[in-house]
Amino acid sequence: GEEEEEEEERTEKMEVDEPEDAIEMPQVRVRERKKAQIEKEAKAPALKYTVLSLYEEKLLLRRLEACPHAVALSPEAKRLRRKLLVRQAKRERGLPFFDLDQAVSAAVSLVGGLYGAREGNRVRIPVGLETFQTTRQDFQILDRYQIPLPNIKGYQHETTRFMCRLTGSGDLFMNHSIISPYTSRVLKPYIRRDFYSKPLKLRLLAEIRGYPHRNDPTWKADLEASIDYCYVRPNFIPTINSMCHEFFWPGIDLSECLQYPDFSVVVLYKKVIIGFGFMVPDVKYNEAYISFLLVHPEWRRAGIATFMIYHLIQTCMGKDVTLHVSASNTAMLLYQKFGFKAEEYILDFYDKYYPLDSKECKHSFFLRLRR
């Protein structure tokens, strides 16, 4: 009995001697954890939402159509598919879409007591009133040359006049030098004048001119005009855009290349554009990018593309030169002759540029020429 009494006294002393802080410590820790969690949630960055592009809408609808069973089980997926189909139908019929930015801006103007003036079907917000707009970032270099096409059924790309296509775009100052706005260099009228190359089209034109005189042994053909390589000029842009629409895809506008004409080459025959090449010099710190290179099919296999690539490479000495080329393009062999090496094979690289019914190869190789 005495031992039990001693143990009870010891436990009572321990309970009396135990500090109150030890009892409150677990509660304090729980409060601190909750407070830290609340602060962490408050500091978490808000989600950023961007508007889907036309290509992303088509790609999303294509994925939904490929999974009919999953769509049937999800009401949200059904609703999203219906919305995408409605937008597609409106786009085909040229009907206007619901514009969230316009609706929010109009609502803000009404709340502030100001009514936006209407110009046609658009609401013009008064100057000084903030409008809410969404932005998105495109990381492909070719997107900087892409312009949005109107959502009108039957829209056709603006083409050059027949006289301009036949005789070329005249320039009264073609023989004058120009000053580059990018490097302030004085650019000569011609990079090269070639009197020796004989493409297939040039030989055909010579035969056509000589056919009426085939029975005249004294007739001599006139000297052939040269194939001229020069820098891009403003009057070349409409024809170049038309050729891009014909041989690449719609919506290309190369007006930006006028800001750095040093890194361009346009090939002419009697003022008719038969080829062109453009390079972006400021892709990265030590990298340039060949954006577009084209020779008309009737003027190929005469060394024109070879000289254009050589010229573009020489304009960026000391920098790596990169480009994308279609997986089915035979120009891959030409690039390899200059030392370009394939670094990556990209699936569906051109998918966002070509129309949905296009049969062109949409995969590409990413090539690099290391310096």
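Residues numbered from 1 in each chain as written. Predicted model: local features only at pLDDT ≥ 70, side-chain atom pairs only at ≥ 80, totals over all residues. Heavy atoms only, no water.

Draft legend 1. Here's a closer look at the overall build of the chain. The helix and strand inventory of the chain stands at eleven helices and twelve strands. Looking at the chain as a whole, 30% of its 371 residues are labelled buried. Across the chain, every contact between residues at least 6 apart in sequence was considered, and the portion connecting residues at least 24 apart equals 68%. Just so you have it, the chain exposes about 26000 Å², and 55% of that area is on carbon and sulfur atoms. (Helix = DSSP H or I, 4+ residues; strand = E, 2+ residues; numbered from the N terminus. Buried < 20%, exposed > 50% of the residue type's maximum accessible area, 1.4 Å probe, protein only. Contact = heavy atoms within 4.5 Å. Areas by Shrake-Rupley, 256 points an atom, 1.4 Å probe, with all protein chains shown as cover.)

Draft legend 2. Geometry of unusual backbone geometry. For Lys270, which is not glycine, the phi dihedral falls at a positive 55 degrees. Note that Lys270 resides in the loop between strand 7 (264-269) and strand 8 (272-284).

Draft legend 3. Region of the structure containing the confidence of the model for the chain. Here the chain averages 79 in pLDDT, while 73% of its residues score no lower than 70. Within the chain, the element-level pLDDT minimum falls on strand 1 (residues 117-119), averaging 43, and the maximum on strand 7, averaging 96. With pLDDT under 50 throughout, residues 113-139 is counted as low confidence; its partners more than four residues away or in other chains account for 36 contacts. Ignoring residues within four places in sequence, the model shows residues 151-157, a span with pLDDT below 50, making eleven contacts including any to other chains. (pLDDT = per-residue confidence, 0-100.)

Draft legend 4. Structural detail: the pattern of salt bridges. For the coordinates displayed, the defined rule picks out 16 salt bridges. Of the charged contacts, one joins Asp143 and Lys352 as a salt bridge, the two residues approaching to 3.2 Å between their closest N and O atoms. Residue Asp143 is found in the loop between strand 2 (122-124) and helix 7 (162-167), and its partner Lys352 is found in the loop between strand 11 (341-346) and strand 12 (364-369); the two are separated by 209 residues along the sequence. Among the salt bridges present, the one from Asp320 reaches Arg370, with a minimum N-O distance of 3.9 Å. In this pair, Asp320 is assigned in strand 10 (residues 320-326) and Arg370 in the segment after strand 12, connecting sequence segments 50 residues apart. For Asp320, a relative accessible area of 9% corresponds to the buried category. Among the residues examined, Arg370 registers a relative accessible area of 58% and is labelled exposed. Among the charged side chains, a network of salt bridges with common partners joins Glu287, Asp320, Glu343, Arg368 and Arg370. (Salt bridge = Lys/Arg side-chain N within 4 Å of Asp/Glu carboxyl O.)

Draft legend 5. Highlighting helix 10 (residues 304-315). If you check helix 10, its first and last C-alpha atoms are 17 Å apart, about what twelve residues at 1.5 Å a residue would give, namely 16 Å. Listed in full, the buried residues belonging to helix 10 are Ile304, Phe307, Met308, Ile309, His311, Leu312 and Ile313. (Expected span 1.5 Å × (residues − 1).)

Draft legend 6. Molecular detail of the nonpolar core. By size, the foremost hydrophobic cluster in this structure holds 60 residues, and its most contacted members are Ile240, Leu254, Val266, Phe276, Phe292 and Phe340. Broken down by element, the residue count for this core peaks at seven residues, all from strand 9 (residues 287-295). What Phe276 contacts, discounting residues up to four positions off in sequence, is Ile240, Met243, Cys244, Phe248, Leu254, Val265, Val266, Phe292, Leu293, Leu294 and Met308. Within the second largest apolar cluster, five residues are counted, among which are Leu61, Leu64, Val71 and Ala77. (Core = buried A, V, L, I, M, F, W, Y, C linked by side-chain atoms within 4.5 Å.)

Draft legend 7. Structural context of the layout of surface pockets. Empty space within the second largest pocket amounts to approximately 1100 Å³. Looking at the lining of the second largest pocket, the elements that each hand over two or more residues are strand 9, helix 10, strand 10 and helix 11 (331-337). The greatest single-element share of the lining of the second largest pocket, amounting to seven residues, is contributed by strand 9. Split into classes, the residues belonging to the lining of the second largest pocket amount to 23 nonpolar, eight polar and four charged. (1 Å grid on protein atoms, 1.4 Å probe; cavity = no way out; pocket = protein on both sides within 12 Å on 5 of 7 lines; lining within 4 Å. Points joined across faces, edges and corners; volume = space filled by probe spheres on them. Nonpolar A, V, L, I, M, F, W, Y, C, P; charged D, E, K, R; others polar.)

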